[in-house]
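Secondary and tertiary structure notes
Here's the letter readout for the chains.
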Amino acid sequence: MKATQQLKDEHEGIKIMLSIMEKISNDLEKGKDMNMEHYAKIIEFIKGFADKCHHGKEEDILFPAMINHGIPKEGGPIAVMLNEHQLGRGYIKSLSRAFEEFKDGNKLAINNIISSSMNYVELLRNHIEKENNVLFMLADKALNETEQSKIFDAFEKLEVEKIGIGKHEEYHHLLKELKKVFIYIKKEVYYENKIDFNYFIGNDVCLTC
Ligand SMILES: [Fe+2]
Ligand SMILES: [Fe+2]
C-alpha cells in the first residue's frame, strides 16, 4: 500500500468521527443530555488517533520527505497544513477544557463544548479535502514507489513509538462502539461529507492505527 493511501484511509475513519461529533453537537443544542462516557472516548480518539498518530505521520515523516524532494516548506500547501494542525490543536484544547469544566458541574461549559467541537469539525473536514485532493497528489508526483514504501514502513514504526502496541485495536473497537451513536445519522450525511459508505457499512472499520 502507498503511504498516502494509508493516510487517506485514516481520513475516512476521522470523517466518521467528525460526523459523530456533529450529530452530538446538534443534539446538545436541542437540549439533549450528553453521554459523558462516549464524549470522553471521542476526545481520546481525536487526541490519540487524529492528532498524535495521523498528524504525527504527516508532520514527522511525509512532509519532511516532500520537502526533501523540493516542495517548499514555507508559503505553500505544507505550511497551510501545518498551520491547520496547530489550529486544530487549539480547538481540541478548548474542547477538553470545556469538557472538564462540564464534568465539574459547570453546565454553561456546554456552549464551549458545542462551539469548539463544531469549529474542529469544520476545520478538519476542509483540511482533509485539501490533503486528499491537493497535497497527496503533490506527494504522489514527487515520491516514487520505493520512497512511498520507505515512508509506509516509517509510519508503522511511528505508531509503535507514539501510541504503542495494541492502540490500533483499541481505536478500531472505539469506532465500532460509537456506531451506536452514528447509526442514527442519516445516509445523506455520508454523501454530503463524502464519507466512503462502504468503509463504514462493513462489519469492520479499516483503520491502520
Ligand atoms: Fe493533516
Ligand atoms: Fe491528514
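Thresholds, definitions, all that
- Residues numbered from 1 in each chain as written.
- Chains lettered and ligands numbered in written order.
- Predicted model: local features only at pLDDT ≥ 70, side-chain atom pairs only at ≥ 80, totals over all residues.
- Helix = DSSP H or I, 4+ residues; strand = E, 2+ residues; numbered from the N terminus.
- Buried ≥ 20, exposed ≤ 12 C-beta atoms within 10 Å, placed from the backbone.
- Contact = placed C-beta atoms within 7 Å.
- Core = buried A, V, L, I, M, F, W, Y, C linked by C-beta atoms within 7 Å.
- Expected span 1.5 Å × (residues − 1).
- Bend = angle between axes of the 7 residues up to and from the residue.
- Axes fitted to C-alpha atoms, helices over the stretch in contact; angles between N-to-C directions.
- Parallel < 35°, antiparallel > 145°, perpendicular 65-115°, else oblique.
- Left-handed = near helix turned anticlockwise from the far one by under 90°.
- Nonpolar A, V, L, I, M, F, W, Y, C, P; charged D, E, K, R; others polar.
- pLDDT = per-residue confidence, 0-100.

Regarding the overall build of the protein chain
What the protein chain contains, in helices and strands, is nine helices and zero strands. In the protein chain, the succession of helices and strands from N to C terminus is α-α-α-α-α-α-α-α-α. The buried share of the protein chain, taken over its 209 residues, is 29%. Excluding contacts between residues fewer than 6 apart, the proportion of contacts in the protein chain whose partners are at least 24 apart in sequence is 84%.

Examining the environment of Ile-78
Summarising the element assignment, Ile-78 is placed in helix H3 (residues 77–103). Here Ile-78 falls in the buried class, since 22 other C-beta atoms lie within 10 Å of it. Distance in space between the C-alpha atoms of Ile-78 and Glu-58 is 9.7 Å, their sequence separation being 20 residues. Setting aside residues up to four positions removed in sequence, Ile-78 forms contacts with Phe-63, Met-66, Ile-67, Ile-71 and Lys-73.

Quick notes on the nonpolar core
Counting 25 residues, the largest nonpolar core has Met-17, Met-21 and Phe-45 as the members making the most contacts within it. Of all the elements in the fold, those that place two or more residues in this core are helix H1 (3–29), helix H2 (36–68), H3, helix H4 (109–142) and helix H6 (167–177). At seven residues, H1 tops the list of elements feeding residues into this core. Leave out the neighbours within four places in its chain, and Phe-45 touches Met-17, Ala-50, Tyr-171 and Leu-174. Membership of the second largest hydrophobic core comes to 14 residues, among which are Ile-61, Ile-78, Met-81 and Leu-143.

Quick notes on H2
With 33 residues, H2 ought to run about 48 Å at 1.5 Å a step, and its terminal C-alpha atoms sit 44 Å apart, in line with that. The largest bend along H2 measures about 35° and falls at Gly-56. Phi turns positive one or two residues past the end of H2, at Gly-70, with a value near 90°.

A closer look at the packing of H1 against H4
Two numbers describe a pair of packed helices, the interaxial angle and the distance between the axes. Between H1 and H4, the least distance of the axes is 9 Å, while the angle of their chain directions is 160°. Judged by the inter-axis angle, H1 sits roughly antiparallel to H4. Regarding H1 and H4, the two cross each other, and that crossing is left-handed. Along the lines of polarity and charge, the residues of the contact of H1 with H4 split into 14 nonpolar, five polar and six charged.

Concerning the confidence of the model for the protein chain
Residues at a pLDDT of 70 or more form 85% of the protein chain, whose mean pLDDT is 87. The least confident element of the protein chain, judged by mean pLDDT, is helix H9 (residues 197–201) at 48; the most confident is H3 at 98. Overall, residues 200–209 carries pLDDT values under 50, and its contacts beyond four positions in sequence, including any with other chains, amount to 26 contacts.

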